[in-house]
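Listed here are the chains, written in short residue letters.
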Amino acid sequence: MRTLIVTGTGTDVGKTVVVAAVAALARAAGERVTVVKPAQTGVGPGEDGDLATVARLAGDVDTLELARFPEPLAPATAARRAGATPVTAAQVVDAVRALDADLMIVEGAGGLLVRLNDGAGTYPPETLADVAAGLGAPVLLVASAGLGVLNTAALTAEALARRAVPLAGTVVGAYPEHPDLAERTNLADLPVVTGAPLLGVLPAGLGTATPARFLEAARCGLGPLLGGGWSPGHDT
């Protein structure tokens, strides 16, 4: 069994699409896949969240959502405002360890240090970094394409290094069809500032693709470590 933690350099960077792409390639290789969302925010009861998007794009994957809160805020804030019990890192770790799959993918909310809870008793506020440390699992960073991402990516890499959590690499989650200067040069600079390889570049707008088109794009846009055939220097 393998576990991969997926975080982003922020919100709306293509994180869920990258999760679905990794899951789709693993399923195509015959692996059993479960995608876990510790806390879904901004979605009401009965509404489709990120896991519905993953299932629509990736096909036959199992999903597990531990909690959801209606307001589109950080999980700790959303839980507090809803008067609900927040998720703890231990709950996520226990849930993932109880799964029976070849690959478990844990998708965080926003960036690495977005709070899951406000802390209680003897433990401080917890983040996805605590989940990764508890599972001993590598982190995949999904980055935005444009200006400003290098700083956020470098800070994420530094936060992981301080916790001795491995950064597997970075994927650009939504690369534009006509990139500007920053978007082009960032592809070379992201591995430098993070100290980890660029593992793929997925085109913007992929979330509306058919499953067949999505699988082909995943093969073309993700590198061998993630089950695809992309390599640095290849167009998306």
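Each value, and the rule that gives it
Residues numbered from 1 in each chain as written. Predicted model: local features only at pLDDT ≥ 70, side-chain atom pairs only at ≥ 80, totals over all residues. Heavy atoms only, no water. Helix = DSSP H or I, 4+ residues; strand = E, 2+ residues; numbered from the N terminus. Rg over C-alpha atoms; globule rule 2.2 N^0.38 Å. Buried < 20%, exposed > 50% of the residue type's maximum accessible area, 1.4 Å probe, protein only. Contact = heavy atoms within 4.5 Å. Areas by Shrake-Rupley, 256 points an atom, 1.4 Å probe, with all protein chains shown as cover. Pairing = 2+ DSSP bridges. Axes fitted to C-alpha atoms, helices over the stretch in contact; angles between N-to-C directions. Arc of directions from axis to C-beta. Polar contact = N/O pair within 3.5 Å; in protein donor to acceptor, adjacent residues only side chain to side chain. Parallel < 35°, antiparallel > 145°, perpendicular 65-115°, else oblique. Left-handed = near helix turned anticlockwise from the far one by under 90°. Nonpolar A, V, L, I, M, F, W, Y, C, P; charged D, E, K, R; others polar. Salt bridge = Lys/Arg side-chain N within 4 Å of Asp/Glu carboxyl O. UniProt positions renumbered as here; feature names shortened; annotations may be inferred.

## Some details on the overall build of the chain
A tally of regular secondary structure across the chain gives eight helices and nine strands. For the chain, whose C-alpha radius of gyration is 17 Å, the value lies close to the compact-globule estimate of 18 Å for 236 residues. In terms of overall dimensions, the chain has a C-alpha envelope of 50 × 35 × 30 Å along the principal axes. Relative to its full complement of 236 residues, the chain shows a buried share of 50%. Within the chain, counting contacts between residues at least 6 apart in sequence, those at least 24 apart form 75% of the total. About 10,500 Å² of surface is accessible on the chain, with carbon and sulfur atoms providing 53% of the total.

## Considering the sheet that holds strand E9 (residues 198–203)
Taken in spatial order, the seven strands make up an open sheet running E4-E2-E6-E1-E7-E8-E9, and their pairing is parallel. Edge positions in the sheet fall to strand E4 (62–65) and E9, since each has one partner strand and no second. In this sheet, adjacent strand axes meet at a mean angle of 20 degrees when their direction is disregarded. Of the pairings in the sheet, the one linking strand E2 (residues 33–37) to E4 comprises four bridges and is parallel in character. Bridging from a neighbouring strand, Thr 34 pairs with Asp 62 of E4. Where helix H1 (residues 15–28) meets the sheet, it contacts strand E1 (2–8), E2, strand E6 (103–111), strand E7 (139–143), strand E8 (167–175) and E9, and its direction lies at approximately 175 degrees from that of E6. Helix-sheet contacts for helix H7 (residues 181–194) involve E7, E8 and E9, and the interaxial angle to E8 is about 165 degrees.

## Examining helix H5 (residues 128–135)
Residues of H5 that are buried include every one of Leu 128, Ala 129, Val 131, Ala 132 and Leu 135, and no others. What you see down the axis of H5 is that its buried residues fit within an arc of 160 degrees, all on one side. In this structure Thr 127 caps H5, since a side-chain oxygen of it lies 3.1 Å from the backbone nitrogen of Ala 129. Once H5 finishes, Gly 136 follows within two positions and takes phi at roughly 65 degrees, a positive value.

## Observations concerning the packing of H1 against helix H2 (residues 50–58)
At their nearest, the axes of H1 and H2 sit 9 Å apart, and the two run at 40 degrees to each other. Of the possible angle classes, the one that applies to H1 and H2 is oblique. Once H1 is placed against H2, the crossing between them reads as right-handed. Of the residues in H2, those in contact with Thr 16, Val 19, Ala 20, Ala 23 and Ala 24 of H1 are Asp 50, Thr 53, Val 54, Leu 57 and Ala 58. Across the contact of H1 with H2, the residue classes tally to seven nonpolar, two polar and one charged.

## Side note on the pattern of salt bridges
Taken as a whole, this structure holds nine salt bridges when the rule is applied. A salt bridge links Asp 102 to Arg 32; the shortest N-O distance between them is 3.3 Å. Of this pair, Asp 102 sits in the loop between helix H4 (89–97) and E6 while Arg 32 sits in the loop between H1 and E2, and the two are 70 residues apart along the sequence. A relative accessible area of 24% means that Asp 102 is categorised as partly exposed. Salt bridges sharing common partners tie together Arg 32, Asp 100 and Asp 102.

## Some remarks on the UniProt feature "binding site: Mg(2+)" (unreviewed entry) in the chain
The UniProt entry lists Thr 16, Asp 50 and Glu 107 under the feature "binding site: Mg(2+)" (unreviewed entry), expressed in the numbering used here. These annotated residues cover 92 residues of sequence, and their C-alpha atoms lie no more than 9.0 Å from one another, placing them together at a single site. Relative to the elements of secondary structure, Asp 50 occurs in helix H2. Tracing the backbone shows Glu 107 in strand E6.

## Overview of the UniProt feature "binding site: substrate" (unreviewed entry) in the chain
The sites that UniProt annotates as "binding site: substrate" (unreviewed entry) are Thr 41. Within the element layout of this structure, Thr 41 appears in strand E3 (residues 40–41). Residue classification places Thr 41 among the buried positions, given a relative accessible area of 17%. Not counting the four nearest positions on each side in its chain, Thr 41 is found in contact with Phe 69, Glu 71, Pro 72, Leu 73, Ala 74, Pro 75 and Ala 78.

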